[in-house]
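One-letter residues, chain by chain:
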Number of protein chains: 2
Amino acid sequence: MAKDMTLLWGSGSPPCWRVMIALEEKNLQGYNQKMFSFEKMEHKSPEVMNMNPRGQLPAFKHKNYVLNESYGACMYLESQFKSQGNKLIPDCPAEQALMFQRMFEGFTLNQKMGDVIYYNWKVPEGERHDSAVKRYREALCAEVKMWEGYLQKVSGSFLAGKTFSLADVTLYPTIAYLFRFGLSEERYPKVAAYYNSLKDRPSIKATWPPTWLEKPQGQDVLKDL
Amino acid sequence: MAKDMTLLWGSGSPPCWRVMIALEEKNLQGYNQKMFSFEKMEHKSPEVMNMNPRGQLPAFKHKNYVLNESYGACMYLESQFKSQGNKLIPDCPAEQALMFQRMFEGFTLNQKMGDVIYYNWKVPEGERHDSAVKRYREALCAEVKMWEGYLQKVSGSFLAGKTFSLADVTLYPTIAYLFRFGLSEERYPKVAAYYNSLKDRPSIKATWPPTWLEKPQGQDVLKDL
């Protein structure tokens, strides 16, 4: 029982979900946890700010070591619990290199996804431009096509090959988020197949965003992408 | 001699510099390398695109494993050459957690720095707003103050404590870039002290951007930040 760990999280947030998947994969169940609502701005509440002065979720702690950055938390958990649960960094240098390459390319996918999905939230009304929205959508479309190509070429069911790895832990929530926001399964069949093939993996099923289960219909911002 | 490695790079680019510092720290000198000019748009040349279809530098390869993402390359090099050169991931769990936390917070610093420094380059003329520039500058100022606070509190000379680690490998080039673009040493004394204290570290000195050596005077975009 991971009683020396605490996770503050919000439902549907890819960064929170990453850490939850990593904890499941490493058999670190039973940690202290509390869900906060983004809609109610609870990520800016004193309880969260106290653990994460950036006012962001997740806020995560092992003993008194703070790991609020989701990639950092995943790397740390794998490093500290190497031989517990599933090994998340492949030994094979070729797979390991591909894993690191894809993991960090994931930041670009996240960035481009955020540019589109959070546009109105990030850009004040007087600064919005249709031309910017169009450019961001084109950039995200090109990016998702790139991942479609990666999944077409990879030899194995996972992002870095034959083994489920930190690339999947960190990228799966982002990819699920794309579909939650309406990405077309027809237009990106390899990305969709990857998304669907992992839905029932125990670590992913156990941590599926509760607000998505309650309300299975997502948004359609990315429908025509 | 690291003859099975190839690095295509550009002078002054923090992502390129990270990989070069990591290679020095791991005693991996003698790799194949070629410098390209961003000014001449050589990062979009066929030679670069062939190794990195994103048309970005660095482009890095070990054997035939591609690691174009600078964080990925650094992680990979440490993992594959653990016992060679300097160990870049501390064993102590507290230092290791702090290292991962700072490393990935570095993405936020990079992002906010880029929002300011590359504003005119990223935003087409018709979409520019003084209000956006002001907001980005305020966000970067708050971010650099946060790092000033981190360096005030840390017990040791490095970002994660007493040991030079991947946090320093990945963040030092970003911090040097801030000063290259005019950040005030007086207003951020701890960040400046950190920057100056590592200038003569062999891995950093050996990889100092050649264009900065040729032309010691940088820009002053961040002078009043």
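A quick note: this is a predicted structure, and the numbers were derived from the prediction, not measured. (Residues numbered from 1 in each chain as written. Chains lettered and ligands numbered in written order. Predicted model: local features only at pLDDT ≥ 70, side-chain atom pairs only at ≥ 80, totals over all residues. Heavy atoms only, no water.)

## Regarding the overall build of chain A
Keep this limit in mind: Starting at the N terminus, helices and strands are each numbered in turn, a helix being any DSSP run of H or I of at least four residues and a strand any DSSP run of E of at least two. Only C-alpha atoms enter the radius of gyration; for comparison, a globular chain is expected to reach 2.2 Å times N to the power 0.38, where N is the number of residues. Throughout, exposure labels follow a simple rule: accessible area from a 1.4 Å probe, protein chains only, divided by the maximum for the residue type, with under 20% read as buried, over 50% as exposed, and the rest as partly exposed. Any two residues whose heavy atoms approach within 4.5 Å at even a single point are treated as in contact. Note on areas: these come from Shrake-Rupley sampling with a 1.4 Å probe, and a residue is covered only by the protein chains present in the view. His is not counted, nor are the chain ends, whereas Lys and Arg count as positive and Asp and Glu as negative. Positions of charges follow a simple convention, taking NZ of Lys, CZ of Arg, CG of Asp or CD of Glu.
What chain A contains, in helices and strands, is ten helices and four strands. The order of α-helices and β-strands along chain A, N terminus first, is β-α-β-α-β-β-α-α-α-α-α-α-α-α. Relative to a compact globule of 225 residues, whose C-alpha radius of gyration would be 17 Å, chain A shows 18 Å and is just as compact. Here the C-alpha coordinates of chain A stretch approximately 50 × 45 × 30 Å along the principal axes. Taken over 225 residues, chain A has a buried fraction of 55%. The long-range fraction of contacts in chain A, counting pairs at least 24 apart against all pairs at least 6 apart in sequence, stands at 71%. Counting every atom, chain A has about 10,100 Å² of accessible surface; 52% of that belongs to carbon and sulfur. For chain A, the distance from the average position of its 29 positive side-chain charges to the average position of its 25 negative side-chain charges is 2 Å.

## Remarks on the sheet that holds strand 2 (residues 32-36) of chain B
Residues and elements named next belong to chain B. Quick reminder of the rule: DSSP calls a pair of strands paired once it identifies at least 2 bridges connecting them.
Taken together, the four strands give an open sheet; going across it, the order is 2-1-3-4, and neighbouring strands pair in mixed fashion. Each edge of the open sheet is held by one strand with a lone partner, namely strand 2 and strand 4 (65-66). Where strand 1 (residues 5-10) lies against strand 2, five bridges are found, and the strand directions are parallel. Bridge pairing in strand 2 places tryptophan 9 opposite methionine 35.

## Comments concerning the UniProt feature "domain: GST C-terminal" (unreviewed entry) in chain A
What counts, and what does not: UniProt positions are given in the numbering used here, feature names are shortened, and annotations may be inferred rather than shown by experiment.
Sites flagged by UniProt as "domain: GST C-terminal" (unreviewed entry) map to residues 92-217 of chain A. With 68% helix and 0% strand, the stretch residues 92-217 of chain A has end C-alpha atoms that lie 40 Å from each other.

## Considering the sheet that holds strand 1 (residues 5-10) of chain A
All names here are of chain A. Cut-off, in case you're wondering: Axis definition: a line fit to C-alpha positions, over the contact stretch in the case of helices; interaxial angles, taken between N-to-C directions, run 0 to 180 degrees.
Strands sit in the order 2-1-3-4 across an open sheet of four strands; the sheet is mixed. Because the sheet does not close on itself, it has two edges, and the strands there are strand 2 (32-36) and strand 4 (65-66). Sitting on the sheet, helix 1 (residues 14-25) touches strand 1 and strand 3 (59-62), and the angle it makes with strand 1 is about 140°.

## A look at the interface of chain B and chain A
One widely used convention gives an interface's size as the accessible area the parts lose upon coming together. We count it as follows: Once two parts are brought into contact, the accessible area they lose, counted with a 1.4 Å probe and summed over both, makes up the buried area. Salt bridge criterion: a side-chain nitrogen from Lys or Arg within 4 Å of a carboxyl oxygen from Asp or Glu. Any pair of N or O atoms that falls within 3.5 Å is considered a polar contact. Within protein, one atom must be able to donate a hydrogen and the other to accept it, and sequence-neighbouring residues count only if both atoms are side-chain atoms. Lys, Arg, Asp and Glu make up the charged group, whereas Ala, Val, Leu, Ile, Met, Phe, Trp, Tyr, Cys and Pro make up the nonpolar group; the residues left over, Gly among them, are polar.
On the side of chain A, 36 residues touch chain B, which itself brings 36 residues to the contact. Where chain B abuts chain A, roughly 3,000 Å² becomes buried across the two surfaces, and 57% of that area is made up of carbon and sulfur atoms. A per-residue breakdown of the area chain B buries against chain A is headed by Arg54, Phe104 and Glu127 of chain B, which together make up 22% of the total. Taken together, chain B and chain A are joined by six salt bridges. For the salt bridge of glutamate 143 of chain B with arginine 54 of chain A, the shortest nitrogen-to-oxygen distance reads 2.7 Å. Run the count over chain B and chain A and you get 19 residue pairs in polar contact (both at pLDDT 80 or more). Top element by residues in the side of chain B that touches chain A is helix 4 (residues 93-117) of chain B. It accounts for twelve residues. Class assignment for the residues of the side of chain B that touches chain A results in 17 nonpolar, eleven polar and eight charged.

## Things to note about the UniProt feature "domain: GST N-terminal" (unreviewed entry) in chain A
Taking the UniProt record as the reference, the feature "domain: GST N-terminal" (unreviewed entry) is found at residues 3-85 of chain A. Between the C-alpha atoms that bound residues 3-85 of chain A the distance is 17 Å, and the span itself is 35% helix and 20% strand.

## Details of the side chain of serine 184 of chain A
Residues and elements named next belong to chain A. As for its position among the elements, serine 184 is in the loop between helix 7 (166-180) and helix 8 (189-197). Here serine 184 falls in the buried class, since its relative accessible area comes to 8%. Of note is the side chain of serine 184, whose polar atom sits 2.9 Å from the backbone nitrogen of arginine 187. Not counting chain neighbours up to four residues away, the residues in contact with serine 184 comprise Phe179 and Lys223.

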